[in-house]
Amino acid sequence: MIAELGLALLWIAAALACLSLIAGIVVLRGGPKDVAGLVRPASVAQGVLTAAAFALLIALFVRSDMSVELVARNSHSLKPMLFKVAGAWGNHEGSMLLWLTILGLSGGLVALFEKRLRADTLIATLAAQAALSLGFFAFLLFSSNPFKRLPIAPPDGQGLNPLLQDPGLAFHPPTLYIGYVGLSVAFSFAVGALVTREIGPAFARAMRPWVLGSWIFLTLGITAGSYWAYYELGWGGWWFWDPVENVSLVPWLAGAALLHSVAVTATRNALRAWTVMLAVIGFSMSMVGTFIVRSGLLTSVHSFAVDPERGTFLLVLMLVYIGGALTLFAFRASAVAEGKQFALLSREGSLVINNLLLTTILALVLLGTLYPIVAEAMGEKISVGPPYYNKVAGPLALILCLVMVAGPLLRWRRDDGRTLWARLPLALLAGATVLFGLILFGGPIGILPLLGMTVAAVVAVASLAPLWKRKLRRVPLPTWGMVIAHFGVAVALAGMAAESAFIKERLVAAAPGETVKVADFTVKFARVEPVAGPNYTAVRATLVATTPSGSSFILHPAARTFPGLMGGAPTETNEAALLTRPGGQLYAVLGQPVPSADGSADRYQLRLWWKPLVWWIWLGGALIAMGGTLALLGRAQLLAIWRARRARKAQMRFAP
Amino acid sequence: MKRRWILFAPLAIMALLFGAFLYRLSVPDDRLIESQWIDKPMPLFDLPPATAGVAGLKSSDLADGRPRLVNVFASWCIPCRAEAPQLEALKAAGVPIDGIAIRDRPDDVAAFLRENGNPFDRIGSDVQSSVQIALGSSGVPETFLIDGKGIIREQIQGVILADDVPGIIARLEAMK
Amino acid sequence: MSARLLVAAMLTLFMAPVAAQDRLPPAPYAYQQLADPAKEAKAKALMETLRCLVCQGQSIADSDAPLAGDMRHEVRSKVAAGESPDAIRKWLVARYGNWVSYDPPFDRATALLWLAPLLFLAIGLWLAFGRLRGANREEEP
């Protein structure tokens, strides 16, 4: 019954989305005003019902109801509970339902809490959000029904894939999804504002917290995903410029650009058309990314069954939404003056350069990801990988960081060079110290890591400058947020640059009892032993790493073998062992046994890396997300103050 | 507004993007990496015998005036078993076939030949895939058509099917 | 989304050796560094930009696939023999095409790719300065 109820809820939710859309259109066309009262409740109810359907899907997975095809294909009664729950979104249909749930809940939240927007713009926004939901409801109900029953229930499910059973992996997709789909709110705001031609500071202020919220989740999701790849893939890489990583980065870049341009629109009523444009691009890029992943468009093999029909369906949806929004933009934005103008050397000026660089990087990442298709159409098969992105995006990112140094120190409207210069000596001194220190004592370093560490030092010091000579308790939360997020960028940049400049690698075939040196560590390969896990067998090594100061640490890298699923070949995974030290991480992997010619004591492949400051990368990511959170809290607070003041003013005006 | 057309630029960019998507949906990505080392002489190599009783293979063996096949295979490669009957058929039609065994052990190669028959005149053992890499080959099985002067004329990726056999014979015939 | 793709990447990464289960030990230089640190650094930098033929979306430096191991052996052996990384890349491209290199060359088909940064920046600056120019002419109230 649960599955049937879930399906029924989805149909009702779809009907409610349809209702919101039609009611919205009727109101905006000047129809009867009382219809307007339907839109908010319908949006809230649609969100609640979709969420309920998703909860029912999770319940089906928890109960291991194998009569439902999705559960039978993706779960198993013996799976640990956490992975049963995560199994609900670890497949195409379930993740599309999660997508719809977030879409519906975002719309519901806007309907409940958004009180600043003009009434007609709000209705247009909710109608746009409902239109988005409607298309994805159609996609789900007509081509990917998650509640489909099997005629005969199998005795147990097929989904016991050990590789998918990782706690980090269980929560990574929902985090990213909240970010991606959260951007739909900005998209709908933009469409709503274009429809009612209300684009100004009030609109920007209303949109800002939603953008900030989804961008925080995107930041967290990408940071966590990078760490997961780092420890799970067993080669110590933290970013591969793989097509899938790239399509996750593109919405983040759009969100970052939007976050900064919306500040200009909210504060100075400038860059209006551009902000609307970015709001449309953000969610468009989320959809493009999903399309690329689901349609199997690029040769990054993924775990979803590739289905050309689904790809075509998504393409048509995207064509309608993105095409529709951009057409609306083309016709309406000409009526939107770009708003107030300003000098290059001003806060706005720096934010414009920020946006210029972020969108250029975005465009380059997208181009690089899709270019192999273009080249193939021209008859050449090429690969675009890290060397390209490092060459083209690296320098732009460094310039962006320098703009980030200057921007927060500039005043709005106009500033002059001398005052900026006067605020910078400490930061420039820090940068010069690092640069000369590295040139003199750092040994041979690539130009990009060298500049990276230098710029990181400048940014780290300069990012704190807005706090200089201020009473820290009176610094507003959004300023704190900005300072911490910018400082986080410096931390992450320093981590990336230091890791690539000073990494030490040691690959050896060692027998138990032997000692290996890597960087300052003496690593003793103490022993190997077989270990049995719940559903795997493993060979586990014990390594004792000793620092120059004499303290010892134990690491247990392991190689696991999972029995083949349904008679298939066994699967092997490497469990890296990490030792985190203040200066970086020691990363150890146990590889294959090496048979020696005379059959004597077994030797094993050991891969050891010393990765200086590598954990700063994810610390930086966490700081950026934390800065975003503070800014979000601050915005909410500011709004409360602003509203209270307006209420007081209104009272005074009506006072006798 | 002078520059109103610029507002249509995003729409145009989207159209380009969708053009690329449509192209890829209609022409799916083929994941085979074809060798570019075609119409070029066989790289120089001298491989030891892959198993007792069958001679090893060196590049000079391949320029004896007779067009031939060089089959890149391995005993651990399951599709290679499926290809064995077709190689036998080619052999029976008088096509000389040499083999290169990739990352293989003599015992395993011997067992493979016992089970699937031996259509090979010579089999070189390529334990570090170095000849495979020099040929631009990216998997097993693969078959190269070599003309009498030792020039590589064609690469066939994957299993040779029964339907392919007459065509291969005809193309080798044409090289004479 | 990216998580799932990574899973996929991982799946292929780990499946590759399983699918092709040979029983030979890896080639000597697959998991062994060159004795000369300068040469090893060169080889490492080159391997990171060469694409693994059987794993799709992984460099030969980050793959456990046997063919990737053999390619590492090939690269390290050639570097040890004194060949320049550029020559080795050319040697591989002559066999596998530009697909094998993550660093696309500049030619007719990739001109747009390599000129894009300048093109995009130029367009962006042109648009942005269109915005700013006015500020010098008219003061705001």
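What counts, and at which threshold
- Residues numbered from 1 in each chain as written.
- Chains lettered and ligands numbered in written order.
- Predicted model: local features only at pLDDT ≥ 70, side-chain atom pairs only at ≥ 80, totals over all residues.
- Heavy atoms only, no water.
- Helix = DSSP H or I, 4+ residues; strand = E, 2+ residues; numbered from the N terminus.
- Disulfide = S-S within 2.5 Å.
- Buried < 20%, exposed > 50% of the residue type's maximum accessible area, 1.4 Å probe, protein only.
- Pairing = 2+ DSSP bridges.
- Core = buried A, V, L, I, M, F, W, Y, C linked by side-chain atoms within 4.5 Å.
- Contact = heavy atoms within 4.5 Å.
- Expected span 1.5 Å × (residues − 1).
- UniProt positions renumbered as here; feature names shortened; annotations may be inferred.
- Salt bridge = Lys/Arg side-chain N within 4 Å of Asp/Glu carboxyl O.
- Buried area = accessible area lost by both parts, 1.4 Å probe.
- Polar contact = N/O pair within 3.5 Å; in protein donor to acceptor, adjacent residues only side chain to side chain.
- Nonpolar A, V, L, I, M, F, W, Y, C, P; charged D, E, K, R; others polar.

Student: I would appreciate a short explanation of the overall build of chain C in the present structure.
Tutor: Along its length, chain C carries five helices and zero strands. Reading the secondary structure of chain C in the N-to-C direction produces α-α-α-α-α.

Student: Help me understand the state of the cysteines in this model?
Tutor: Linking two cysteines covalently via their sulfur atoms produces the bond known as a disulfide. Residue and element names in this part refer to chain B. Tallied over the full model, the rule gives one disulfide over all chains. Each sulfur in the disulfide pair Cys77 and Cys80 lies 2.2 Å from the other. Disulfide Cys77 to Cys80: torsion about the S-S bond roughly 95°, handedness right-handed. Judged by relative accessible area, Cys80 falls into the buried class, the value being 3%.

Student: Looking at this structure, how should I read the pairing of strand 2 (residues 515–518) of chain A?
Tutor: Each regular strand shows side chains that alternate between the opposite faces of the sheet. Residue and element names in this part refer to chain A. Taking every second residue as pointing to the same face, the buried face of strand 2 carries Val516 and Val518, while none of Thr515 and Lys517 on the other face is buried. Bridging between strand 2 and strand 3 (residues 521–532) involves four bridges; their strand directions are antiparallel. Within strand 3, the residue paired with Thr515 across the bridge is Lys524.

Student: Is there a simple way to explain the nonpolar core in this structure?
Tutor: Nonpolar side chains in soluble globular proteins tend to be buried together. Membership of the largest hydrophobic core comes to 144 residues, with the highest contact counts inside it found for Trp99(A), Phe136(A), Met207(A), Ile292(A), Met318(A), Tyr388(A) and Phe21(B). In contact with Met207(A), other than residues within four places in its own chain, are Ala186(A), Phe189(A), Leu258(A), Val262(A), Thr275(A) and Ala279(A). Listed in part, the 39 residues of the second largest apolar core include Val72(B), Phe73(B), Ala74(B) and Trp76(B).

Student: Can you help me understand helix 10 (residues 272–295) of chain A in this one?
Tutor: Residues separated by three or four positions in an α-helix point in the same direction, a consequence of the helix having 3.6 residues per turn. Residues and elements named next belong to chain A. Here helix 10 spans 35 Å end to end across 24 residues, near enough to the 34 Å set by a 1.5 Å rise per residue. Burial of helix 10 is extensive: 23 of the 24 residues sit out of reach of the surface. In the stretch just after helix 10, Gly296 is the one whose phi turns positive, near 65°.

Student: Help me understand the UniProt feature "transmembrane region" (unreviewed entry) in chain C, please; the structure alone is not making it clear to me.
Tutor: Taking the UniProt record as the reference, the feature "transmembrane region" (unreviewed entry) is found at residues 111–129 of chain C. Between the end C-alpha atoms of residues 111–129 of chain C there is a gap of 27 Å, over a span that is 100% helix and 0% strand.

Student: What's the story with the environment of Gly6(A) in this structure? I'm lost.
Tutor: Residues and elements named next belong to chain A. Within the secondary structure, Gly6 is located in helix 1 (residues 2–28). The exposure class assigned to Gly6 is buried, which follows from its relative accessible area of 0%. In this structure, Gly6 is in contact with Ala53, Leu56 and Phe147, ignoring residues within four places of it in sequence.

Student: Sorry if this is basic, but what is going on with the pattern of salt bridges here?
Tutor: Between side chains of opposite charge, pairing is possible as soon as their charged atoms come close. For the structure on display, the rule yields 37 salt bridges over all chains. For the salt bridge of Arg76(C) with Glu40(C), the shortest nitrogen-to-oxygen distance reads 3.0 Å. Pair noted here: Arg76(C) is in helix 3 (residues 66–80) and Glu40(C) is in helix 2 (residues 37–47), with a separation of 36 residues, a long-range link. Each of the salt bridges in this network shares a partner with another, and the network as a whole consists of Lys58(B), Asp61(B), Asp64(B), Arg66(B), Arg68(B), Asp98(B) and Arg122(B).

Student: So what exactly am I meant to see when it comes to the interface of chain B and chain A here?
Tutor: One frequently used descriptor of interface size is the decrease in accessible area upon assembly of the parts. Each partner contributes to the interface: chain B provides 20 residues, whereas chain A provides 29 residues. Here chain B packs against chain A, burying approximately 2,300 Å² in sum over the two surfaces, 76% of which is carbon and sulfur. Area buried by chain B at its contact with chain A is led by Leu7(B), Phe21(B) and Arg24(B), which between them contribute 27% of it. For the salt bridge of Glu376(A) with Arg24(B), the shortest nitrogen-to-oxygen distance reads 2.8 Å. For the interface between chain B and chain A, the tally reads two residue pairs in polar contact (both at pLDDT 80 or more). Here the residues of the side of chain B that touches chain A sort into 15 nonpolar, no polar and five charged.

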